[in-house]
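# Architecture and fold: a report
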Amino acid sequence: MDSAKKSAKKENKMLKSFGNSSLMLLLIVNNKADLCWRTVTRGHLPGRASLLLTDSHTHSSTADAQPTDAEREVWDQVDVVLKDAKGILDELQAYKGAGQEIREAIQNPSDEALQEQAWAAVVPLVGRLKKFYEFSQRLEAALHSLLGALTSESYDDPTQHLEREQALAKQFAEILHFTLRFDELKMTNPAIQNDFSYYRRTLSRMRINNVPAEGENEVNNELANRISLFYADATPMLKTLSDGTTKFVSENKNLPIENTTDCLSTMATVCKVMLETPEYRSRFTSEETVSFCLRVMVGVIILYDYVHPVGAFAKSSKIDMKGCIKVLRDQPPNSVEGLLNALRYTTKHLNDESTNKTIKSMLQ
């Protein structure tokens, strides 16, 4: 029996031993084999698990994740960003594009009326795409603030931040949930890149012909280049956060890298245990809560893979990758294909020679 199966068997056995009168909280200390269980009274979940079970999709009250005085300054900064996140997702989900107008304009290049209609349709859409891009910059700044708080050396054990700063841990989870959901929507909407490509081609042609262009002041050439690179990536928000986390680690060389990686691996483990354990899963009141946990799990795996020297797939990784992939595989296929693709195509170390062949085959 491999180590992952042994670990899963031990987790399940320990969970069952506590019966229905209590819930257990898994704490990871130093390595995957070093487990410590804390009995937590039913209905009240302080500690690491609360970042998921106080999610708005469950019956539990979000009051459990209110910021302490020490968390308040960072929490307020991040809360302003998160309040705009739902609106961004709603706008992206409603994004239909200007495909018909663009096709008609391209098929009839000498028809000025059709050219004007296509341009008039594209300009406001580009304004929306600019708004999404600018939000990614705000999200990266929020991530930096959270990482600064959750990885500081305030505690001997870096993972204690997730227990004692629950409100910030929950915000971190919400950022990851937003990021994966944004990228899922973006990947299934080719109109985004088509619209922006048409905008840039048309703008370039207008400049050559000295035609004044509405919308040029809103998106100048330099900004257009950055926006184009952003949307060229299959998972632009995830890349923004991955680059931002890597930048955070490189800018804080005095901070042990384990402060960051232990925080990420603990969150991944909590998500995995929540999803694979009936005692926890039965408390989820909707499939959206399951999706929330799955996105957070995949998000922290990818961030871990970027910042850890050998990544998430190495034998020495503190994340049980086989267990996490199995959790994904156990879901209805259509609901997790985007998350599996995120692991396949946006991680850094999956294709390393040192990656276990079983893990690679599980993601094929």
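Residues numbered from 1 in each chain as written. Predicted model: local features only at pLDDT ≥ 70, side-chain atom pairs only at ≥ 80, totals over all residues. Heavy atoms only, no water.

## Some words on the overall build of the protein
Quick note on the threshold: Strands are runs of DSSP state E lasting at least two residues, helices are runs of H or I lasting at least four, and both sets are numbered from the N terminus onward. Whether two residues are in contact is decided by their heavy atoms, any of which lying within 4.5 Å being enough. All accessible areas in this document rest on Shrake-Rupley with a 1.4 Å probe, and a residue is counted as covered only by the protein chains that are shown.
Each helix and strand in the protein was counted, giving 16 helices and 2 strands. Of the contacts made within the protein by residues no fewer than 6 positions apart, 71% connect residues no fewer than 24 positions apart. Here the protein has roughly 17200 Å² of accessible surface; of this, 49% comes from carbon and sulfur atoms.

## Overview of the pattern of salt bridges
A pair can form between side chains of opposite charge whenever their charged atoms are brought close. Rules: What counts as a salt bridge is simple: a side-chain nitrogen of Lys or Arg found within 4 Å of a carboxyl oxygen of Asp or Glu. Exposure classes here rest on a 1.4 Å probe applied to the protein chains alone. A residue is buried below 20% of its type maximum, exposed above 50%, and partly exposed in between.
For the coordinates displayed, the defined rule picks out 18 salt bridges. Here Glu184 ties to Arg181 by a salt bridge, and the two come within 3.4 Å at their closest N and O atoms. Taken together, the residues Glu184 and Arg181, both in helix α7 (residues 166-187) and 3 residues apart, mark about one turn of the helix. Overall, the relative accessible area of 16% leaves Glu184 in the buried class. Given the relative accessible area of 22%, Arg181 is considered partly exposed. Taken together, the shared-partner salt bridges in this structure form one network comprising Arg181, Glu184, Glu288 and Arg295.

## So, the nonpolar core
Here is the rule we go by: Here, nonpolar core means buried Ala, Val, Leu, Ile, Met, Phe, Trp, Tyr and Cys residues that are tied together by side-chain atoms lying within 4.5 Å of each other. Residue ranges assigned to the domains are those given by an automatic or database domain assignment.
Core analysis: the biggest nonpolar cluster contains 102 residues, and Phe172, Phe178, Leu294, Met297, Ile301 and Leu328 have the highest contact counts within it. The biggest single contributor to this core is helix α5 (residues 112-150), with 18 residues. Counting contributing residues per domain, this core is built from domain 1 (67-174 + 189-234) and domain 2 (256-363), each supplying no fewer than three.

## Things to note about the packing of aromatic side chains
Note the following rule: Two aromatic rings, drawn from Phe, Tyr or Trp (for Trp, its six-membered ring), form a pair once their centres lie within 6.5 Å of each other, and the interplanar angle then sorts them: stacked below 30 degrees, edge-to-face above 60, tilted otherwise.
Applying the stated rule across the entire model yields 7 aromatic pairs. Geometrically, the ring pair formed by Tyr133 and Phe230 is edge-to-face, given 5.5 Å between the ring centres and 75° between the ring planes. Of the two residues, Tyr133 sits in helix α5 while Phe230 sits in helix α9 (residues 221-232), which places them 97 residues apart along the sequence. Accessibility expressed as a relative area gives 9% for Tyr133, which makes it buried. Under the relative-accessibility criterion, Phe230 is labelled buried at 7%. Relative to Tyr231, the ring of Phe230 lies with its centre 4.9 Å away and its plane at 80°, an arrangement referred to as edge-to-face.

## So, helix α13 (residues 287-307)
What counts here: To estimate how far a helix should extend, the number of its residues minus one is multiplied by 1.5 Å.
Under the 1.5 Å per step criterion, the end-to-end length of α13 is 31 Å for 21 residues, consistent within 8% with the ideal 30 Å. Most of α13 is tucked away: 17 of the 21 residues are buried.

## What to know about the packing of α5 against α7
What counts here: Only the stretch in contact is used when a helix axis is fitted, and all axes are lines through C-alpha atoms; the angle between N-to-C directions ranges over 0 to 180 degrees. Relative orientations are named as follows: roughly parallel for angles under 35 degrees, roughly antiparallel for angles over 145 degrees, roughly perpendicular for angles from 65 to 115 degrees, and oblique for any other angle. By definition, any crossing whose near helix is turned counterclockwise from its far helix by less than a right angle is left-handed, and any crossing with a clockwise turn is right-handed. Asp, Glu, Lys and Arg are counted as charged, while Ala, Val, Leu, Ile, Met, Phe, Trp, Tyr, Cys and Pro are counted as nonpolar; the rest, among them Gly, fall into the polar class.
In the contact formed by α5 and α7, the axes pass within 10 Å of each other and the chain directions differ by 150°. Relative to α7, the element α5 is oriented roughly antiparallel. Note on packing geometry: the crossing formed by α5 with α7 is left-handed. Listed contacts from α7 to Phe132, Phe135, Leu139, Ala142, Leu143, Leu146, Leu147, Ala149 and Leu150 of α5 are Leu168, Ala169, Gln171, Phe172, Ile175, Phe178, Thr179 and Phe182. The class makeup of the residues in the contact of α5 with α7 is 15 nonpolar, 2 polar and no charged.

## Brief notes about helix α3 (residues 72-93)
Under the convention used in this document: Across the chain, bend at a residue is computed as the angle between axes fitted to the seven residues ending at that point and the seven starting from it.
Taking 1.5 Å of rise per residue, 22 residues should cover 32 Å, and α3 covers 32 Å from first to last C-alpha, within 8% of that figure. Maximal helix bending in α3 amounts to about 25°, located at Ala85.

## So, the packing of α13 against helix α15 (residues 333-346)
With their axes 10 Å apart at the nearest point, α13 and α15 run at an angle of 0° to one another. Classified by the angle their axes make, α13 and α15 are roughly parallel. Residues Leu294, Arg295, Val298, Ile301, Ile302 and Tyr306 of α13 pack against Val336, Leu339, Ala342, Leu343 and Thr346 of α15. Residues that form the contact of α13 with α15 fall into these classes: 9 nonpolar, 1 polar and 1 charged.

## Observations concerning the environment of Ala232
By the secondary structure assignment, Ala232 is in helix α9. When its relative accessible area of 53% is taken as the criterion, Ala232 is described as exposed. Sequence separation of Ala232 and Gln193 is 39 residues, and the distance between their C-alpha atoms is 7.3 Å.

## Thoughts on the environment of Ala167
Considering the arrangement of structural elements, one finds Ala167 in helix α7. For Ala167, a relative accessible area of 2% corresponds to the buried category. In this structure the C-alpha to C-alpha distance between Ala167 and Trp75, which are 92 residues apart in sequence, comes to 7.3 Å.

## Quick word on the confidence of the model for the protein
Spelled out, the test is: Confidence scores here are pLDDT values: one per residue, from the predictor, ranging 0 to 100.
A residue-level look at the protein finds 80% of positions with pLDDT of 70 or above and a mean pLDDT of 81. In the model, residues 10-63 has pLDDT below 50 throughout and makes 117 contacts with residues more than four positions away in sequence or in other chains.

## A closer look at the side chain of His177
Worth spelling out the cut-off: Nitrogen and oxygen atoms within 3.5 Å of one another constitute a polar contact, given that in protein one can donate a hydrogen and the other can accept it, and given that sequence-neighbouring residues count only through two side-chain atoms.
Structurally, the position occupied by His177 is in helix α7. At a separation of 3.1 Å, a polar atom in the side chain of His177 contacts the side chain of Arg295. For His177, the contacting residues outside a window of four places in its chain are Glu288, Phe292, Arg295 and Val296.

## Considering the environment of Val307
Among the structural elements, Val307 can be located in helix α13. Spatially, the C-alpha atoms of Val307 and Thr260 are 8.2 Å apart, while their sequence positions differ by 47 residues. For Val307, the residues in contact, after removing those within four places along its chain, are Thr245, Thr246, Val249, Ile257, Thr260, Thr261 and Leu264.

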